[in-house]
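In case you want the letters, here they are:
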Amino acid sequence: MSNIIKKLGEAEVEIMQVLWDSAPPVTSNYILKELQGRRRWQLSTLMTSLSRLEHKGFISCNRSTGTNLYSAVITESDYKTKAGKHFLEQLYNNSIQNMVASLYNSKAIKESDLAELRSYLDTLESKSDPEEV
């Protein structure tokens, strides 16, 4: 995946989540069934979205079996990493501190969230401690 992340719409992310959570490859009917309750789509609407995702390079479609079989080309981890980095750069001038401050000041995160973050950072720090290695 290149350093430039193509933007995915909300519905496209939901489709990708189905693909990431499933053993590949999957059919369009499987995806449609998994999206029930979240999307009220006809198969034709899903097929349009799948075609767009394939064009953007997020999925591949094997058409050799007579049934279209879809697989994710980009891993969930890669997508989240690149999308998160882009989000941080675009909205918070690449500053995690600015992001956390904004979320905290708007009461979108609580003290318990900060405690969880502190604990996580302490764990990371202890893993990178040269004495621990």
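A. Structural view of the packing of aromatic side chains. Enumeration over the complete set of coordinates arrives at three aromatic pairs. Between Trp20 and Tyr79 the ring centres are 5.9 Å apart and the planes differ by 35°, which places this aromatic pair in the tilted class. Highlighted residues: Trp20 in helix H1 (residues 10-21) and Tyr79 in helix H4 (residues 76-92), separated in sequence by 59 residues. Both rings, one in Phe58 and one in Tyr79, keep their centres 5.8 Å apart while their planes meet at 75°; by these two values the pair is edge-to-face. Placement of Phe58 in the loop between helix H3 (43-56) and strand S1 (59-62) and of Tyr79 in helix H4 is noted, with a sequence separation of 21 residues between them. Judged by its relative accessible area of 1%, Phe58 falls in the buried class.

B. How the structure looks around the pattern of salt bridges. Tallying each qualifying case throughout the model produces seven salt bridges. Between Arg39 and Glu14 there is a salt bridge; the shortest N-O distance is 2.9 Å. Of this pair, Arg39 sits in the loop between helix H2 (28-34) and H3 while Glu14 sits in helix H1; the two residues are 25 residues apart in sequence, bridging distant segments of the chain. The partner of Glu76 in a salt bridge is Lys80, with the nearest N and O atoms 3.0 Å apart. Pair noted here: Glu76 and Lys80 are both in helix H4, with a separation of four residues, about one helical turn. Sharing partners across several salt bridges, the network here consists of Glu10, Glu14 and Arg39.

C. A look at unusual backbone geometry. The linkage connecting Pro24 with the following residue, Pro25, adopts the cis geometry, with an omega of -10°. Of note, Pro25 is situated in the loop between H1 and H2. One non-glycine residue, Asn93, adopts positive backbone phi at about 50°. Secondary-structure assignment places Asn93 in the loop between H4 and helix H5 (96-105). Residue class for Asn93 comes out exposed when judged on its relative accessible area of 67%. The phi torsion at Asn94 lies on the positive side, around 60°, for a residue other than glycine. Examined against the element boundaries, Asn94 turns out to sit in the loop between H4 and H5. For Asn94, a relative accessible area of 47% puts it in the partly exposed group.

D. Expanded view of the environment of Gly37. Here Gly37 is to be found in the loop between H2 and H3. Considering only alpha carbons, one finds Gly37 and Gln97, 60 residues apart in sequence, at a separation of 37 Å.

The rules behind the values
- Residues numbered from 1 in each chain as written.
- Predicted model: local features only at pLDDT ≥ 70, side-chain atom pairs only at ≥ 80, totals over all residues.
- Heavy atoms only, no water.
- Phe/Tyr/Trp six-rings, centres within 6.5 Å; stacked < 30°, edge-to-face > 60°.
- Helix = DSSP H or I, 4+ residues; strand = E, 2+ residues; numbered from the N terminus.
- Buried < 20%, exposed > 50% of the residue type's maximum accessible area, 1.4 Å probe, protein only.
- Salt bridge = Lys/Arg side-chain N within 4 Å of Asp/Glu carboxyl O.

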